[in-house]
Amino acid sequence: MTIEVIYRIDPAGHLIQFNDQWDLFARDNATPQLVQGRITGQTLWNFIQDPETRHLHQTLAQRAKIRGHPLVLPFRCEAPALRRFREMEIVPLADGGTEYRCRILKTETRAAIELLDPRLGQRDEERLLRMCSWCNKVAVADLWQEVEHAIIRLKLFDAATLPGITHTMCDVCLGDLLQEDD
């Protein structure tokens with residue numbers, strides 16, 4: 001059985017509808033503040049902190065509307081002990097809104113990564129790691145690396161507190177997502 005998280009936004013970007021899987025996914029990922037009862041009516045764009053990533057999401061939704069057919073995009077969604085390879089379908093709706101359908105294609109288990117656990121301790125928000133919103137690689141100098149390798153290269157566990165994470169886009173993912181799919 002494929003688990004699919006579905007949500008809709010109105011033409012102005014307000015979150016207006018969710019399927020039952022939304023709340024289950026939020027709770028399973030230690031983010032109860034994101035259950036639908038707490039976020040309905042807010043704009044989706046408020047939850048995407050990085051301006052570049054927010055602009056990309058808006059551009060992709062607009063592209064689906066202009067073309068009049070869904071866009072299907074791969075992405076990753078990490079948990080401390082799990083890599084999730086997912087697919088997002090961006091569907092234009094007749095009323096001008098957009099529906100997002102997110103499916104898990106495969107998962108890989110790994111040793112738990114403390115850095116990715118939102119329930120753990122205080123973060124040093126003065127020191128931020130840049131993580132790609134699509135592939136979840138972390139910027140280390142001019143290279144984008146899997147989080148396990150970045151932790152070692154940056155000696156993150158030698159510090160008294162873990163850094164905060166800010167999401168952006170790596171050049172490879174940005175290029176792939178902006179590329180025409182004709």
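Please refer to the structure placed before this passage.
In this report, the structure presented in the accompanying data block is examined. Fair warning: this is a prediction, and the values are worked out from it, not measured in the lab.

Some thoughts on the pattern of salt bridges
So, point 1. On inspection of all chains with the given rule, the structure shows 14 salt bridges.
So, point 2. For the salt bridge of Arg103 with Glu4, the shortest nitrogen-to-oxygen distance reads 2.3 Å. Here Arg103 is found in strand β5 (residues 98–109), whereas its partner Glu4 is found in strand β1 (residues 4–9), with 99 residues between them in sequence.
So, point 3. A relative accessible area of 15% places Arg103 in the buried class.
So, point 4. Between Glu108 and Arg83 there is a salt bridge, with the nearest N and O atoms lying 3.6 Å from each other. Remark: Arg83 occurs in strand β4 (residues 82–92) and Glu108 occurs in strand β5; sequence separation between them is 25 residues.
So, point 5. Overall, Arg83 belongs to the buried group, its relative accessible area being 14%.
So, point 6. Residues joined in a network through salt bridges with shared partners are Arg76, Glu78, Arg83, Lys106, Glu108, Arg110, Glu146 and Glu148.

Thoughts on the side chain of Arg84
So, point 1. Looking at the secondary structure, you find Arg84 in strand β4.
So, point 2. For Arg84, the side chain forms a polar contact with the side chain of Asn29, separated by 2.7 Å.

Regarding unusual backbone geometry
A negative phi angle is the norm for most residues apart from glycine, just as the trans form is the norm for most peptide bonds.
So, point 1. In this structure, Asn136 takes a positive phi of about 65° despite not being glycine.
So, point 2. With respect to the helices and strands, Asn136 occurs in the loop between β6 (123–132) and β7 (138–140).
So, point 3. Overall, Asn136 belongs to the buried group, its relative accessible area being 8%.
So, point 4. At Ala141, a position not held by glycine, the phi torsion is positive, near 55°.
So, point 5. By the element assignment, Ala141 lies in the loop between β7 and β8 (143–145).

Overview of the side chain of Glu78
So, point 1. Here Glu78 is to be found in strand β3 (residues 71–79).
So, point 2. On the accessibility criterion, Glu78 (14% relative accessible area) is buried.
So, point 3. Within the structure, the side chain of Glu78 is placed 3.1 Å from the side chain of Arg76, a separation counted as a polar contact.
So, point 4. There is a polar contact of 2.9 Å between the side chain of Glu78 and the side chain of Arg110.

With respect to helix α3 (residues 51–67)
So, point 1. Given a rise of 1.5 Å per residue, 17 residues ought to cover 24 Å, and the 24 Å separating the end C-alpha atoms of α3 matches this to within 8%.
So, point 2. Among the residues of α3, those classed as buried are Thr53, Leu56, His57, Leu60, Ala61, Arg63 and Ala64. Here the buried residues of α3 occupy an arc of 155° about the axis, which is enough to place them on one side. Of the exposed residues in α3, those oriented more than 90 degrees away from the buried face are Pro51, His55 and Ile66.
So, point 3. Those residues of α3 that are buried are in contact with β3, β4, β5, β9 (162–168) and α5 (171–178).

Criteria and cut-off values
Residues numbered from 1 in each chain as written. Predicted model: local features only at pLDDT ≥ 70, side-chain atom pairs only at ≥ 80, totals over all residues. Heavy atoms only, no water. Salt bridge = Lys/Arg side-chain N within 4 Å of Asp/Glu carboxyl O. Helix = DSSP H or I, 4+ residues; strand = E, 2+ residues; numbered from the N terminus. Buried < 20%, exposed > 50% of the residue type's maximum accessible area, 1.4 Å probe, protein only. Polar contact = N/O pair within 3.5 Å; in protein donor to acceptor, adjacent residues only side chain to side chain. Expected span 1.5 Å × (residues − 1). Arc of directions from axis to C-beta. Contact = heavy atoms within 4.5 Å.

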